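Architecture at a glance
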Amino acid sequence: MHHKFYLGHVIDCLKAIKSDTVQTVVTSPPYFGLRDYGLPPTEWPEITYSPMAGVPSITIPSMVCCHGLEPDPLSFISHEV
Ligand SMILES: C[S@@+](CC[C@H](N)C(=O)[O-])C[C@H]1O[C@@H](n2cnc3c(N)ncnc32)[C@H](O)[C@@H]1O
């Protein structure tokens, strides 16, 4: 069994993992609207996703904010999918 810790922005760290080399990624993201961790904000692209099966897709505009400090829950969720 091989363990490796990645320290950095979650998106950069996930991109650094070679495909088909891990079975599980364990995350503990910020809660929505709870805490400012003092990290630099992220440039999020426009995201279109369906909040749940059977629900029409929604489009969240691009934004610059820290994860957890989005303006609304649907934007927060879009940065988790
Ligand atoms: C809910 S806390 C995790 C708590 C941790 N599991 C514990 O048991 O202490 C969320 C963590 O996510 C980190 N974080 C916030 N935005 C991040 C990002 N874009 N990339 C990586 N880590 C981030 C924060 O610094 C914070 O430590």
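Structure: see above.
Attention in this report is confined to the structure presented alongside it. (Residues numbered from 1 in each chain as written. Predicted model: local features only at pLDDT ≥ 70, side-chain atom pairs only at ≥ 80, totals over all residues. Heavy atoms only, no water.)

Considerations on the packing of aromatic side chains
- Throughout the structure, instances matching the rule amount to one aromatic pair.
- Look at phenylalanine 32 and phenylalanine 76: their rings are 5.6 Å apart centre to centre, the planes differ by 50 degrees, and that puts the pair in the tilted class. Note that phenylalanine 32 is positioned in the loop between α1 (10–16) and β1 (42–44) and phenylalanine 76 in helix α2 (residues 73–78), a separation of 44 residues in sequence.
- The class for phenylalanine 32 is partly exposed, based on a relative accessible area of 34%. (Phe/Tyr/Trp six-rings, centres within 6.5 Å; stacked < 30°, edge-to-face > 60°. Helix = DSSP H or I, 4+ residues; strand = E, 2+ residues; numbered from the N terminus. Buried < 20%, exposed > 50% of the residue type's maximum accessible area, 1.4 Å probe, protein only.)

A word on the site of the ligand
- The ligand sits among Gly8, His9, Val10, Ser28, Pro29, Pro30, Tyr37 and Leu39.
- Here a nitrogen atom of the ligand sits 3.2 Å away from a polar atom, N or O, in the side chain of histidine 9.
- Serine 28 is positioned such that a nitrogen or oxygen atom in its side chain is 2.8 Å from a nitrogen atom of the ligand.
- Considering the ligand on its own, with 600 Å² of exposed area, one finds that the protein chains cover 54% of that surface.
- Here the shell around the ligand is composed, by residue class, of five nonpolar, three polar and no charged. (Near = heavy atom within 4 Å. Polar contact = N/O pair within 3.5 Å; in protein donor to acceptor, adjacent residues only side chain to side chain. Areas by Shrake-Rupley, 256 points an atom, 1.4 Å probe, with all protein chains shown as cover. Nonpolar A, V, L, I, M, F, W, Y, C, P; charged D, E, K, R; others polar.)

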